[in-house]
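What the coordinates show
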Amino acid sequence: MATVNVLNWKKEKVGSIDLAADVFETPVKKEVLHTVVQWQLASRRQGTHMTKTKGLVSGGGKKPFKQKGTGGARQGSSRSILMPGGGTAFGPQPRSYAFVLPKKVRRLGLSMALSHLQKEGKLFVVDSMQSEGKTAELSKRLKAFGLKKAVLIDANVNDKFNQASKNLPTFKYFPVEGLNVFDLLKYDAAVITKDSVAKIVDRCSMEKA
């Protein structure tokens, strides 16, 4: 179990907290992280792509030209896949790309992503996330903290902080319930509140898998 400093937004130590080893010190396996990210992105795909088969394109009720004597290949319908404006064979059809990933693997991937950031010194614990609701003020505070890109994780959503963070494209603020592997790896740093630590540990608990 690692003990880390709890910081204020001036990056001054205001306390300390223990981070559970089974969540924040999990051995990182790239193949597990890759699988979890694939699962996340596959679930986000709309899968609404579609091409028309020869049964869906218009026309084709009449034989386009006579069977013999044209010097060309015989055709029975202008909807044939061989004809200009005809249907498409084996084209994409609407479908779901989602697949089932065991809860145990999803929780393990989340633990690995957090452990990776902790090991790299890119996981910070702050005492709270409060804001005036002004983007400029929050941007200045994050810059002073030394962050250019990060996820900001709170135990519960603070409306003012949420309002201030919406116009910061390189930062993403959400509660523990929204914590996910893709964003942790994409933003490459994480700031969590001390109150959110217990909830994060609960989310990653293998006993619930």
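See the structure printed just above.
Below, the structure is looked at part by part. (Residues numbered from 1 in each chain as written. Predicted model: local features only at pLDDT ≥ 70, side-chain atom pairs only at ≥ 80, totals over all residues. Heavy atoms only, no water.)

1. Side note on the packing of aromatic side chains
Selection criterion: Here a pair means two rings of Phe, Tyr or Trp (six-membered ring of Trp) with centres within 6.5 Å. Their orientation is stacked below 30 degrees between planes, edge-to-face above 60, and tilted elsewhere. Strands are runs of DSSP state E lasting at least 2 residues, helices are runs of H or I lasting at least 4, and numbering of each runs from the N terminus. Note on exposure labels: buried denotes an accessible area under 20% of the residue type's maximum, exposed denotes more than 50%, and partly exposed covers the range between, all computed with a 1.4 Å probe on protein chains only. Any Lys NZ or Arg CZ found within 6 Å of a ring centre and within 35 degrees of that ring's normal is scored as a charge over the ring.
Counted by the stated rule, this structure contains four aromatic pairs. Both rings, one in Phe124 and one in Phe145, keep their centres 5.5 Å apart while their planes meet at 85°; by these two values the pair is edge-to-face. Here the residue Phe124 occupies a position in strand β3 (residues 123-126), and Phe145 occupies one in helix α4 (residues 135-145), the gap between them amounting to 21 residues. One exposure class covers both Phe124 and Phe145, and it is buried. Ring-pair connections join several aromatic residues into one group, and the members of that group are Trp9, Phe124, Phe145, Phe161 and Tyr173. For Lys11, the ring lying beneath its charged end belongs to Phe145, and the centroid distance is 5.2 Å. For the cation-ring pair, Arg45 lies above Tyr97, with the distance from its terminal atom to the ring centre recorded as 3.6 Å.

2. Quick look at the pattern of salt bridges
We apply this condition: By definition, a salt bridge exists where a carboxyl oxygen of Asp or Glu is found within 4 Å of a side-chain nitrogen of Lys or Arg.
Considering all chains together, one arrives at three salt bridges under this definition. Of the charged contacts in the structure, one is a salt bridge between Asp188 and Lys122, with a shortest N-O distance of 2.8 Å. Separated by 66 residues along the polypeptide, Asp188 in the loop between α6 (181-187) and β6 (190-193) and Lys122 in the loop between α3 (103-119) and β3 bring together distant segments of the chain. Residue Lys172 is joined to Asp183 by a salt bridge in which the shortest nitrogen-to-oxygen separation is 3.0 Å. Of this pair, Lys172 sits in strand β5 (residues 171-175) while Asp183 sits in helix α6, placing them eleven residues apart in sequence. On the accessibility criterion, Lys172 (31% relative accessible area) is partly exposed.

3. A few points about helix α2 (residues 30-44)
Short version of the rule: How far a helix is expected to stretch is found by multiplying one less than its residue total by 1.5 Å. We call two residues in contact when some of their heavy atoms are within 4.5 Å.
In a regular helix each residue adds 1.5 Å, so 15 residues correspond to 21 Å; α2 covers 21 Å between its end C-alpha atoms and thus fits that length. Three or more residues of α2 are buried, namely Val32, Leu33, Val36, Val37, Gln40 and Ala42. Where α2 is buried, its residues contact α3 and α6.

4. Let's talk about the layout of surface pockets
Operational definition: Site definitions follow a grid-based scheme: protein atoms alone, a 1 Å grid, a 1.4 Å probe that fits but cannot get out for cavities, and for pockets an open set with protein on both sides within 12 Å along at least five of seven lines, plus lining residues having an atom within 4 Å of a point. Grid points are joined across faces, edges and corners, and a volume is the space filled by probe spheres set on the points.
Taken as a whole, the largest pocket holds about 230 Å³ of empty space. Val36, Trp39, Gln40, Lys103, Arg106, Arg107, Leu110, Leu179, Asn180, Val181 and Arg203 are the residues that line the largest pocket. Residue assignment for the lining of the largest pocket shows that the elements contributing at least two residues are α2 and α3. Ranked by residues supplied to the lining of the largest pocket, first place goes to α3 with four residues.

5. Examining the packing of α3 against helix α7 (residues 197-204)
Helix-helix packing is characterised by the crossing angle of the two axes and by the distance between the axes. The cut-off we apply is this: Axis lines are fitted to C-alpha atoms, over the contacting stretch for helices. Their N-to-C directions set the angle, which ranges from 0 to 180 degrees. Roughly parallel means an angle under 35 degrees; roughly antiparallel, over 145; roughly perpendicular, 65 to 115; everything else is oblique. Each residue is assigned to one of three groups, with Ala, Val, Leu, Ile, Met, Phe, Trp, Tyr, Cys and Pro labelled nonpolar, Asp, Glu, Lys and Arg labelled charged, and all others, Gly among them, labelled polar.
For the pair α3 and α7, interaxial distance at closest approach is 8 Å and the crossing angle is 140°. Taken as axis vectors, α3 and α7 run oblique relative to one another. Residues Arg107, Leu110, Ser111 and Leu114 of α3 touch α7, and the partners they reach there are Ile200, Asp202, Arg203 and Cys204. Broken down by class, the residue content of the contact of α3 with α7 amounts to four nonpolar, one polar and three charged.

6. Focus on the environment of Glu12
Looking at the secondary structure, you find Glu12 in the loop between β1 (2-7) and β2 (13-19). Beyond its immediate sequence surroundings of up to four residues, Glu12 is in contact with Val6 and Leu7.

7. Thoughts on the sheet that holds strand β4 (residues 150-154)
For clarity, the threshold we go by: In this analysis, strands are considered paired if DSSP registers two or more bridges between them.
Spatially, six strands are ordered β2-β1-β3-β6-β4-β5 in an open sheet, and the strand pairing comes out mixed. Pairing within the sheet leaves two strands with one partner each, and these edge strands are β2 and β5. Pairs of neighbouring strands in the sheet enclose a mean axial angle of 30°, with direction left out of account. Each of β1, β2, β3 and β6 is contacted by α3, which is oriented at about 90° to β3, the strand it contacts most.

8. A short note on the packing of α2 against α3
Note the threshold: In a left-handed crossing the near helix is turned counterclockwise from the far helix by less than a right angle, and in a right-handed crossing that turn is clockwise.
Relative to each other, α2 and α3 sit at 115°, their axes nearing to 9 Å. The interaxial crossing formed by α2 with α3 has left-handed handedness. Here Val32, Leu33, Val36 and Trp39 of α2 come into contact with α3, specifically with Val105, Arg106, Leu108, Gly109, Met112 and Ala113. Broken down by class, the residue content of the contact of α2 with α3 amounts to eight nonpolar, one polar and one charged.

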